[in-house]
Each structure stands twice: as structure tokens, then as C-alpha cells.
Amino acid sequence: MSIEDTSTPTSSSSRLQRYADWAVYAVFIVIILGAPMVIDDVFWLNRISKYLVFGMLGIAIALSWGYAGILNLGQGLFFGLGAYMTAMSLKLMSATSLQQGSDKPVPDFMLWNAEPGAVTDLCCINKGSFLWIPFQSQWFGMAMSIVIPLIVAFVLSSSIFRLRVSGVYVAIITLALVLLVRLLLIDAQPITNGFNGLTDLGWLTIGGFEFDPYMVETYYVVAISLTVVLLLGRWLVSTRAGLILQSTRDDPTRARYLGYDVAAYQIFFFTISAGIAGFAGLLYVVAAEFASPSFMDIGFSISMVVWAAVGGRNSLIGACIGAILINTVEATVSETEIFKEAWKLIIGGVFVLVVLYMPNGLAGIARDLLARFERRRKGAPAETAPKAAE
Amino acid sequence: MNEALTIDGLTVDFGGFKAVDGFTTVVQKGELRVILGPNGAGKTTLMDLVSGKTASTQGTVHLFGENITNRPEHIIARHGIGRKFQIPSVFRDLTVRQNLEVAASGEPGVFRNLRLHMAAEDRARVEDVIALTRLEPVLGTIAGELSHGQMQWLELGMLITQQAKVILLDEPTAGMTHAETFRTAEIINEMKGSHTILVVEHDMAFVRKIAERITVMHMGKLLAEGPMEKIETDPKVREAYLGSGGIH
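How each quantity is defined
Each chain carries its own residue numbering, running from 1 in the written order of its sequence. Here chains are named by letter from A upward and ligands by number from 1 upward, in the order in which they appear as written. Given that the model is predicted, a residue must reach a pLDDT of at least 70 before its local features are reported, and side-chain atom pairs must reach 80 or more before they are shown or counted; all residues, however, enter totals for whole chains, interfaces and linings. The side-chain numbers reported here are obtained from all heavy atoms of the structure, hydrogens and water having been left aside. Strands are runs of DSSP state E lasting at least two residues, helices are runs of H or I lasting at least four, and both sets are numbered from the N terminus onward. This radius of gyration counts C-alpha atoms alone. The globule rule is 2.2 Å times how many residues there are, raised to the power 0.38. Classification of residues uses two cut-offs on accessible area relative to the type maximum, computed with a 1.4 Å probe and protein chains only: under 20% is buried, over 50% is exposed, and between them is partly exposed. Note on contacts: a residue pair is in contact if any heavy atoms of the two residues lie within 4.5 Å. Calculation of accessible area relied on Shrake-Rupley with a 1.4 Å probe; when residues are assessed, cover is drawn exclusively from the protein chains displayed. In protein, a polar contact means a hydrogen-donor-capable atom and an acceptor-capable atom, both N or O and within 3.5 Å, with residues adjacent in sequence counting only if both atoms are side-chain atoms; elsewhere, any N or O pair within 3.5 Å suffices. A pair of sulfur atoms, both from cysteines and within 2.5 Å, is called a disulfide here. UniProt positions are given in the numbering used here, feature names are shortened, and annotations may be inferred rather than shown by experiment. Note on definitions: buried area is the accessible-area loss of two parts on being combined, 1.4 Å probe, summed for both. Basic side-chain nitrogens of Lys or Arg form a salt bridge, by our definition, when they fall within 4 Å of a carboxyl oxygen of Asp or Glu. Paired strands are those between which DSSP finds at least two bridges. Lines fitted to C-alpha atoms define the axes, with helix axes restricted to the stretch in contact, and inter-axis angles between N-to-C directions lie between 0 and 180 degrees. Any angle between 65 and 115 degrees counts as roughly perpendicular, while under 35 counts as roughly parallel, over 145 as roughly antiparallel, and the rest as oblique. In this count, Pro and Cys sit with the nonpolar residues alongside Ala, Val, Leu, Ile, Met, Phe, Trp and Tyr, while Asp, Glu, Lys and Arg are called charged and the others, Gly among them, polar.

1. A word on the overall build of chain A
Then step 1. Assigned secondary structure in chain A consists of 15 helices and two strands.
Then step 2. Against the 2.2 N^0.38 benchmark of 21 Å for 390 residues, chain A shows a C-alpha radius of gyration of 22 Å, consistent with a compact globule.
Then step 3. Oriented by its inertia axes, the alpha-carbon framework of chain A measures out at about 85 × 50 × 40 Å.
Then step 4. When burial is assessed residue by residue, chain A has 51% of its 390 residues classed as buried.
Then step 5. Long-range contacts, defined as pairs at least 24 residues apart, comprise 75% of the intrachain contacts of chain A with a sequence gap of at least 6.
Then step 6. Per element, the accessible surface of chain A, about 17,200 Å² overall, is 68% carbon and sulfur.

2. Thoughts on the side chain of Gln75(A)
Residues and elements named next belong to chain A.
Then step 1. Take Gln-75: it is sitting in helix 3 (residues 75-93).
Then step 2. Here Ser-273 takes part through its side chain, which lies 2.8 Å from a polar atom of the side chain of Gln-75.
Then step 3. Non-local contacts of Gln-75, meaning those with residues more than four positions away in its chain, are made with Ala-60, Ile-61, Ser-64, Ser-273, Ala-274, Ala-277, Ser-301 and Met-304.

3. Describing the state of the cysteines
Then step 1. Scanning all chains against the criterion turns up one disulfide over all chains.
Then step 2. Note on cysteine connectivity: Cys123(A) is disulfide-linked to Cys124(A), with sulfurs 2.2 Å apart.

4. A few points about the UniProt feature "transmembrane region" (unreviewed entry) in chain A
Residue and element names in this part refer to chain A.
Then step 1. Mapped onto this structure's residue numbering, the UniProt feature "transmembrane region" (unreviewed entry) falls at residues 22-39, 51-70, 139-161, 168-186, 218-237, 258-284 and 345-366.
Then step 2. Helix makes up 94% of residues 22-39 and strand 0%, and the two end C-alpha atoms of the span are 25 Å apart.
Then step 3. Along residues 218-237, the helical share is 100% and the strand share 0%, with 29 Å between the first and last C-alpha atoms.

5. Quick word on helix 9 (residues 240-250) of chain A
Then step 1. Of all eleven residues making up helix 9 of chain A, nine are buried, and the element is well covered by its neighbours.
Then step 2. Tucked into the core, helix 9 of chain A has its buried residues touching helix 2 (42-67), helix 8 (216-238), helix 10 (252-257) and helix 11 (262-288) of chain A together with helix 3 (96-104) of chain B.

6. A closer look at the interface of chain B and chain A
Then step 1. Contacts between chain B and chain A engage 40 residues on the former and 32 residues on the latter.
Then step 2. Across the chain B/chain A interface, buried area totals approximately 3,100 Å², and carbon plus sulfur atoms make up 61% of it.
Then step 3. Note that Arg164(A) is salt-bridged to Glu73(B), the shortest N-O span being 2.9 Å.
Then step 4. At the boundary of chain B and chain A, one finds 19 residue pairs in polar contact (both at pLDDT 80 or more).
Then step 5. Elements with a minimum of two residues in the side of chain B that touches chain A: helix 2 (73-79), strand 6 (81-84), helix 3 and helix 5 (148-161) of chain B.

7. So, the sheet that holds strand 6 of chain B
Residues and elements named next belong to chain B.
Then step 1. In space, the six strands of this open sheet follow the order 6-7-8-3-9-10, with mixed pairing throughout. With partners counted over all chains shown, the strands left at the sheet margins are strand 6 and strand 10 (221-227), one partner each. Pairwise comparison of adjacent strand axes, ignoring direction, gives a mean angle of 20° for this sheet.
Then step 2. The pairing of strand 7 (residues 166-170) with strand 8 (residues 196-200) spans five bridges and is classified as parallel. In the sheet register, Asp-170 faces strand 8, and the bridge partner there is Val-200.

8. Things to note about unusual backbone geometry
Then step 1. Although it is not a glycine, Phe64(B) sits at a positive phi angle of roughly 45°.
Then step 2. Position of Phe64(B) among the secondary structure elements: in the loop between strand 4 (58-63) and strand 5 (66-67).

9. A short note on the packing of helix 5 of chain B against helix 6 (residues 178-191) of chain B
Describing two packed helices takes the angle between their axes plus the distance from one axis to the other.
All names here are of chain B.
Then step 1. Running from N to C, helix 5 and helix 6 cross one another at 10°; their axes reach a closest spacing of 10 Å. Overall, the two elements helix 5 and helix 6 adopt an arrangement that is roughly parallel. In contact with Gly-149, Trp-153, Leu-156 and Ile-160 of helix 5, helix 6 contributes Glu-180, Arg-183, Thr-184, Ile-187 and Met-191.
Then step 2. For the contact of helix 5 with helix 6, a count of residues per class yields five nonpolar, two polar and two charged.

10. A few points about the environment of Val30(A)
Residue and element names in this part refer to chain A.
Then step 1. Relative to the helices and strands, Val-30 resides in helix 1 (residues 15-38).
Then step 2. For Val-30, a relative accessible area of 59% puts it in the exposed group.
Then step 3. The sequence separation of Val-30 and Ser-158 amounts to 128 residues, and the corresponding C-alpha distance is 38 Å.

11. Structural notes on helix 3 of chain B
Then step 1. In terms of burial, helix 3 of chain B is largely enclosed, as eight of its nine residues are buried.
Then step 2. Taken residue by residue, helix 3 of chain B has Val96(B), Gln98(B), Asn99(B), Leu100(B), Glu101(B), Val102(B), Ala103(B) and Ala104(B) as its buried positions.

Rendered as C-alpha cells:
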């Protein structure tokens, strides 16, 4: 980091900065909740709801990378797990699952992969198909979307952080793990439909109401969920625990000598971050109607990190807006053939530039501008503009 | 109970090399003890052993009668040992006030800290320490931007806020200007009595300003212990320091 980016006391929020911060939250929430009043194209609303899900992933990354200093290059693992858990339930609710010659639902692909003569029932049609039995309850699947990522993240982070593994090694471990799980997932074709993932899903149904992804109600489910996660995340980082977490990021040894069990803080926030990613997976399946091993591609997990970096990893809302912004631009740009090809290159270049010249992303720029405005208003001697390039 | 810190036969064996070898001493409550010794005498290693950074191979450390030998760092810290490092160690991306607030928490657990506000007594302690260390003008500054001296005072302030019963200071004046050293001596003298302090220091001028009892270490062992005048005239001490030009 250059000296300049610490020249504005970012965390010593003055009253003006705090107000500005809350104003950004308020405006953002009003925009996402009010969007359907302006946009009446349901296809666009559906698209935006997917981007809002990515915004939630941005929050998850900012929490672990920005606040805890843990670079998780395998966040796709938790997103994917969350997505599959809900997708399994919705798969069993789809019309085709009820048309496989059994009175109980059985996914179509299980028949294609069945042993000759196997009974068409979840209990024994394939090896392991019994695992699907509890997913006949939609609520079970949805609960698992959050519970399974929480458990996996807790077990994983407990072993990593108790052993005081840190920095790039955490990134390598998480990266390897997401790849491993992706392989297992594809390999377990008879119960996961392998490469093809889970498609042809039913709709989320609550109290008889079916959430068709191309309905404004479904958009609201996503937008309200994002609002809740954003505010909860904001509360979490504002607590004493959030402050102590940041101290463990800055200097774990000092934090230990102040009496804090550093690993406990890392485990807690890493696990929460995974839970948010799992919840995002759930919502994505509701909006996109599929779950696929591509959620666990390395490229996807790295994209999340890029979104958070561009938006500002030290800011939950920054990372969230970064994710939404990049995806919106990508979608617009991808309509043009040339840009579609070059997009990965462009985004890679943007990432390098952000890391080098604006490590606090868009949120950092906003804070700097505000701080400069504040100084000018106070009539402080005009300081030379911070030059990021130095 | 008057014995704050009791170190008994403490030894660490790094594959045959004993950096600290059967070291024994008792520090009384409220005492300010200076540990002197030539380079490589084992002073910093002793602090590592007491504070749990390094595991000892023999001997025990008791804090107010409780055995804290080889416990994890944060447990030892919760028992009441605070440590200041040679290189100032503060939370560089947090403001000065936030640094003190982190130190002030009476509760170590994650779930107990899931609340927005500090307890009133913790808050009061932060204010007291701000007054003592004179950090008021820089409270909103990111700690990484402080001057070297301010950073050291902040770290001292954090130990006081932490309510450490026994404070280990590893060369608190290293790299300081004269004025900063003087101010540091003032802070330490103000802490005297209410805190038990163990200081590792080379700067004799500084040691004279603060010292009561002195322990001299040599080759991992206790060489001499007593008041300043006695130590200065001790022939064993003179001999140990011969290579480095004696005490000056």
C-alpha cells in the first residue's frame, strides 16, 4: 500500500462520514427495493435479482477478506453447497420428478443412471440416492443451504486457524478444496447429475404461493434478503467483536497478548461469511432455476474476489455494489461479440489496476473525496490532492 | 499475597543450547524490576517464556500463585500478563482510540462481544489512559501514522487499559529521541506502584531514572540481583560486561 491511501483516516469516522455512510446504505436499499416500480420488464428484474445475489457474495467476501484479512479463494464452495441443497428440494418438486413411474418423486436423471432392475424409489434407485429422501421437504433443503456451509466452514476453519495457518496458505487451501469438491460432485453422477447439474427445477412454494422467477414477488424475496444480510453484516462489523476481529487482522500477536483467542474470532467470521454465501446460493437457485458444478469453478470464486476488490473490500456495501456493477456492465457488454471475448482480459486488467492504485476500491475513493470535502469545508490549509499513482 | 511473579528454575533447551538456564527470581507486587544483560544473555527469551510465546522445557512460572507455565498466550494474558514488544506492536489500520478500545474489553469471548457499546467502566479506563499518555490530539489518527514515540506510548497505554497486573517491557526506549525517552520514563514512573513492571533495557541513563531493583542475566543465568549501587560495583557484573565495554 502506498502511504497516500492511509492519508485519510478511514476508520476514524467523523460525524459527516458516518452520516454519509448511512446515506449510502439508505439510498442503496431504496433503489433495490424500488427498482420494480421503474423497471417493468420481468426479464430484466430477474437478471437484476441474480446480480443482487452476487452482491450478497460480495458482502461475504468483504467480511472475510476485508474485515478478517482472510483471503478465501474458494467461496464458490459454500455458494455451490447452498445452491445444491435447495436445488435438490426444488428438483423433487418439479413436474418431471413426479412422472417417473413412481408415486413418490424421483429425479429423471436418476433413472438414466439407474442399475438395471432397480426400484424406482429414492431409497434404492442408485447408490446414495437415499441421501435425497429428506429433501422432499423444501424447508429441509433450504435450511441445509445455510447449515451445511456453516458446518463445513466451521470444521475447515477450525483446523486452519487453530494451526495458525494464515495469508496465502489459506487461499491455497480454500482454492484446492473447492476444486476437490467440484470433482467429487461431477464424479457422483448418479446422484448429482454430474456435469449437467440440477436443471428443470420446480418453484419455491410458500403457503401455496409459487415463486415464479419471472415475477416481481421473487425479485422482492431476493432484494429483501439482501437488505437483511447487508444490515446484519453492518451490525456485525460495528460490534465490539467486529472491532476485535479487525485488530486480529492487523496484528494477531498483539491481539493474543491482549487476551483474545484470535482463532475463535477468525473461525466465527469465516463461518458467518460461508453461511452468507450459502444463503446466496439458495437465492440464486430460486432466481436462476438451476445448480451446476460451474458454481465451483475456480474462475467464479476468483471473480467474487475481483468484485469485492473493485467495490472496496473494506466496505460491505462497497463490495456489494462492486459485484452488482461489474455484473451489470458485463451483461451489457457481452451483447457485443468483440467485448464478449475480451471481457475476461478487461476485468483482469481492472483487477490489477485496482490492487495497485486503489486498494480500497470504489468505497475508498468515495471516502477520500468526502474527507477532502470535509477538510476544505473546515478551511484547513489546502493539501495537495492525494496522488494514488505515487 | 505480595509475590506477583515467581519464576522458578525456568529453562528452555533449543536442541542443546540453553537460552535461559535455570533462571529463578521473584518479583514483588508493585515492584519495578529492570533486567540487564549483554546481548544474547537471554532477556527477550525470558519474556517469551513468561508470556507463552515460547514453551519452556523445565521450571515454572506463577502469577499471584497461579501456575501459568506454558499456557497459550491469550490465556496468560487473561491471567494478567501484558507485554510490550521491542518493535512497537499496535493495530496499524485502526485509530488510536480504537486501539485502546480493543485493549479495554473486559470480555475475551466472541459472543460476549456481539454488542455495540463498551461497558461504562471500560470506557472510563480508556479516558484515563488517554490522559496519562497524552494521546488526546491524535485519537482519530490511524495508528500506523503515529511517530515512533507515540506508537510506543500507545502500546504502553494499551497495556494499562488491558489492566495487566504484571507488565513486561522489552526495551521501551529503543530508537527514541531524548525527549521521548524522558517522557517514557515519566509514564513508567507514573505506573510504578499501581503496576508490577519488568523492564528489559540497555540504556543506563534510562535505567537510573526508573530502576529500583536490578537483575543481571548472563548466558541465560541469573548473575546478580540487587539495588543499582550494588550492581554497579559487582565484580561479576563488570566481568560479564567486559566484552561490551562494561556498564555505562
